[in-house]
Amino acid sequence: MAVNTFKLEFEDGVTKTLDVVVVSPTDIIMFVAGTQDPVNISALNHQANHNYWKASKDNLWGKVLELKPQFHDLNIEANFFSWSGDNSQDERNKAAERLLDLMTREYPKFKNKETHLHLIGHSHGGNVINQFTELITTDSRFPKLWEVKSITYLSTPFFKEKHQLNHAKLHEDCQIINVHNDYDITQRFVADFSLNNLEKLIHGFDAYEFYKSKQRIDLIVSSGVFAPLTSISIVSDSKHGVLIWQRVSLLLDSVNDILDLIIAMINNPELKNLSAEKAEITKLLTDLKSWIPTAKTRLNNRVTQYQQKIENINSSSEEEGFWGQLKDNLGKAGDSISNSFSDTFETTDLITDLNMERPLKVINKILFIDKGLEDAYLLGLLERIFTEQAGVTDTIDNTSWDPKDQINGKFDVIDVPITEEDVYHSRGLKSKFEKFVSSAEKSIEDGNLKEFLIILVSQIISSESIEGKGTALWWADLLFKDKADDEFKKLRRDYLPNYTKLIKKYEAHLIAPQDKPKEEKSKKDKNKTPDAFTEAAKLKFNSDLIAINNISKQQWETIVKEEKEKNREDEEKNPPLPPVIGSLAHFATVSHGLSHTRLWDKVEEGLKSSFSSGKNPGYKG
């Protein structure tokens, strides 16, 4: 605010002095978060929220907050704008509408006052801002005296077709600030894919029943009942074998329930696309399901036959007198011998009873690969699912880290490269990284989604890790017989080696030696394995199983809410370890999020120069 004095001389010669108060424009800073759910499956209404803005007082938001007392009338939105965060054009358009609604509701007192907006967007938050500039050119809710004075893009992927910056409501001196990181794969190619909203898909998934099935599986596995399955020949004894066979049968029930839930979700009538692929996946899962009843029958038959055998021995010893007593003792001795040297419940018997030929056939169909990319079944199925305008992908638009095509030379861009600040830069592997990114970008440009998928997979699963399983697979081969053995040999000798060759061709070796995770050898502590075979353990298992089966939907909702809160508190006390440096997770999260972790010097200078409300002369910071 400034006071200017003017002298006015009227026609009659009278002179008067007037003090004119010049009111500076108001400045408003608004933060717009980016996509937190890139595959659109969380079904949360406000996933892109304020959490990462307020993660630290030393990050970008915390330092921007310190600018407030330095200027006369600088307003910083503290409630934080929130939107779904879904990776879709439609959701970003809705977010722009919500942003306009929030700003006009939060600042009604500035409606008739010259006001300059300063918008800071991370990731797709920058594209929400661009869509906002399009919206305000025609929407009557946007006050006439308001203009956008600065836009700060943090790791924003700029589209060539969607979400273009409209200049109409930008101040003539609008400051454009662009913070980018070469190692940010989200900005460079992941954001090329805008997906359809998958809420309809997961809406058809019964999370309540899935929770109970998973709890049953966890209970069975953690009970220690499978501890004796350490020998290829003998489980332990027949009494142990009976319980193991019974628990495996129970385990298959829960697996069957989960398969039913997945089939129901896939065939949700609300999901209109992918009719052929839905039928194909349903067929695979149905084939897998059809194996379970046969396996259960064979498991239960072995237990029944054994129990009948013991019952026959015991009933024959009920004769009275000396001979009866003698037979009784012999029967007990025979039972003891049977329990100690049983050929009834061997590990190979378990594999035989499970009739593994059928599930292995399904697995082999999924993993079939002979010549390479061209006939890899799984990659072909995924390619169809992610094809533009046909599956879950709405559009594929080649994004860029540079907004110059949207600026058209009208505004100067303050370029803020932060590549060298990424911890990965110190590893000296940038040339390898660029080769990896170039191949990924070219595969997208060529429309070769199979190649794009294997490029990503080869950075997650190494050929070395597959080859390292060779010995274990060789030993596992000894357990299979007849047709099941034939199917397992196809998997071990053909399909896995062929995938290994394919992965070797594309793996980029982006993780430096010092960052490779150390393989921790599992320490086997027999004392930590629960003894599932005591009567007390069996009673507790049955009690826990009944409790799981009796969980109501309301109780489940409470459990889930409490678990989320506990996980949040645990993460605050003990933050999870960051992703391995050089992994895809590092490039997609750490590299992508680096831009909002601090207030970069050039960003601070650009923001300060764009504020219009004037510096506060009384500030002594």
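Residues numbered from 1 in each chain as written. Predicted model: local features only at pLDDT ≥ 70, side-chain atom pairs only at ≥ 80, totals over all residues. Heavy atoms only, no water.

Attention now goes to the overall build of the chain. Within the chain one finds 22 helices and 10 strands. Across the 621 residues that make up the chain, the buried fraction comes to 45%. Taking the intrachain contacts of the chain between residues at least 6 apart in sequence as the baseline, contacts between residues at least 24 apart amount to 81%. With an accessible surface of roughly 33,300 Å², the chain has 53% of that area assigned to carbon and sulfur atoms. (Helix = DSSP H or I, 4+ residues; strand = E, 2+ residues; numbered from the N terminus. Buried < 20%, exposed > 50% of the residue type's maximum accessible area, 1.4 Å probe, protein only. Contact = heavy atoms within 4.5 Å. Areas by Shrake-Rupley, 256 points an atom, 1.4 Å probe, with all protein chains shown as cover.)

Scanning the entire structure with this criterion turns up 22 aromatic pairs. Ring centres 5.5 Å apart and planes at 65 degrees place the aromatic pair Phe368 and Tyr495 in the edge-to-face group. Here Phe368, found in the loop between helix H11 (357-366) and helix H12 (377-385), pairs with Tyr495, found in helix H18 (residues 482-506); they are 127 residues apart in sequence, far enough to count as distant. Overall, the relative accessible area of 33% leaves Phe368 in the partly exposed class. Look at Tyr495 and you get buried, because its relative accessible area is 11%. (Phe/Tyr/Trp six-rings, centres within 6.5 Å; stacked < 30°, edge-to-face > 60°.)

Attention shifts here to unusual backbone geometry. Negative phi characterises most residues that are not glycine, and trans characterises most peptide bonds. Although it is not a glycine, Ser123 adopts a positive phi angle of roughly 55 degrees. Take Ser123: it is sitting in the loop between strand S5 (115-122) and helix H3 (125-135). The residue Gln389 is not glycine, and still its phi comes out positive at about 65 degrees. Take Gln389: it is sitting in the loop between H12 and strand S9 (393-396).

Our focus in this paragraph is a nonpolar patch on the surface. A surface patch of nonpolar side chains, amounting to about 340 Å² of accessible area, comprises Trp474, Trp475 and Leu478. Turning to its location among the elements, Leu478 is positioned in the loop between helix H17 (470-477) and H18. (Patch = residues over 30% accessible without salt bridge, like charges linked within 9 Å, V, L, I, M, F, W, Y side chains within 5 Å. Salt bridge = Lys/Arg side-chain N within 4 Å of Asp/Glu carboxyl O.)

Interhelical geometry of H12 versus helix H15 (residues 449-460) gives an angle of 115 degrees and a closest axis separation of 9 Å. One finds that H12 runs roughly perpendicular with respect to H15. Considering the relative orientation of H12 and H15, their crossing is right-handed. When H12 is examined against H15, the residues Leu379, Gly380, Leu382 and Glu383 are found in contact with a partner set consisting of Leu449, Lys450, Leu453 and Ile454. Looking at the contact of H12 with H15 residue by residue, the class counts come to 5 nonpolar, 1 polar and 2 charged. (Axes fitted to C-alpha atoms, helices over the stretch in contact; angles between N-to-C directions. Parallel < 35°, antiparallel > 145°, perpendicular 65-115°, else oblique. Left-handed = near helix turned anticlockwise from the far one by under 90°. Nonpolar A, V, L, I, M, F, W, Y, C, P; charged D, E, K, R; others polar.)

Time to look at the pattern of salt bridges. For the structure shown, the criterion picks out 34 salt bridges. With a closest N to O distance of 2.9 Å, Glu434 and Lys430 form a salt bridge. With Glu434 and Lys430 both in helix H14 (residues 430-445) and 4 residues apart, this pair spans about one turn of that helix. On the basis of relative accessible area, Lys430 is assigned to the partly exposed category, the value being 24%. Via salt bridges that share partners, Asp182, Arg188, Lys430 and Glu434 belong to a single interconnected network.

Within the fold, Asn112 resides in the loop between helix H2 (89-106) and S5. Sequence spacing of Asn112 and Leu145 is 33 residues, and the spatial spacing of their C-alpha atoms is 6.5 Å.

Strand order across the open sheet formed by 6 strands is S4-S3-S5-S6-S7-S10, with parallel pairing between neighbours. Lying at the two open borders of the sheet, with one neighbouring strand each, are strand S4 (74-76) and strand S10 (413-417). On average, each strand axis in the sheet is tilted by 15 degrees relative to the strand beside it, whichever way the strands run. Looking at chain direction, strand S6 (residues 146-154) and strand S7 (residues 170-180) are connected through 6 bridges and run parallel. Directly across from Ser150, in S7, lies its bridge partner Gln175. With respect to the sheet, H2 is in contact with strand S3 (26-32), S5 and S6, its orientation differing from that of S3 by roughly 145 degrees. Set on the sheet, H3 makes contact with S3, S5, S6 and S7; between it and S5 the angle comes to about 145 degrees. (Pairing = 2+ DSSP bridges.)

The next subject is the pairing of S6. Of all the 9 residues making up S6, 8 are buried; the element is thus mostly covered by neighbouring parts of the structure. The pairing of S5 with S6 spans 8 bridges and is classified as parallel. Pairing of His116 across the sheet is with Glu147, part of S6. The parallel pair S5 and S6, bridged by H3, forms a crossover whose chirality is right-handed. (Right-handed = clockwise from strand over helix to strand, strands pointing away.)

Our next topic: the nonpolar core. Within the largest apolar cluster, 40 residues are counted, with the highest numbers of intra-cluster contacts made by Phe189, Leu379, Tyr424, Phe433 and Phe436. Looking at this core, the elements with two or more residues in it are strand S8 (193-195), H12, H14, H15, H18 and helix H21 (584-593). Each residue touching Tyr424, except ones within four places of it in the same chain, is listed here: Tyr183, Leu429, Phe433, Leu510, Ile581, Gly582, His586 and Phe587. Listed in part, the 32 residues of the second largest apolar core include Val32, Trp83, Trp146 and Ile151. (Core = buried A, V, L, I, M, F, W, Y, C linked by side-chain atoms within 4.5 Å.)

Inspection of the secondary structure assignment puts Glu277 in helix H8 (residues 275-316). Residue Glu277 is classed as buried on the basis of its relative accessible area of 11%.

Moving on, we come to the confidence of the model for the chain. Counting all residues, the mean pLDDT for the chain is 86, and 85% of those residues have values of 70 or more. Of all the helices and strands in the chain, helix H9 (residues 321-340) carries the lowest mean pLDDT, 49, while S6 carries the highest, 97. Ignoring residues within four places in sequence, the model shows residues 333-343, a span with pLDDT below 50, making 15 contacts including any to other chains. (pLDDT = per-residue confidence, 0-100.)

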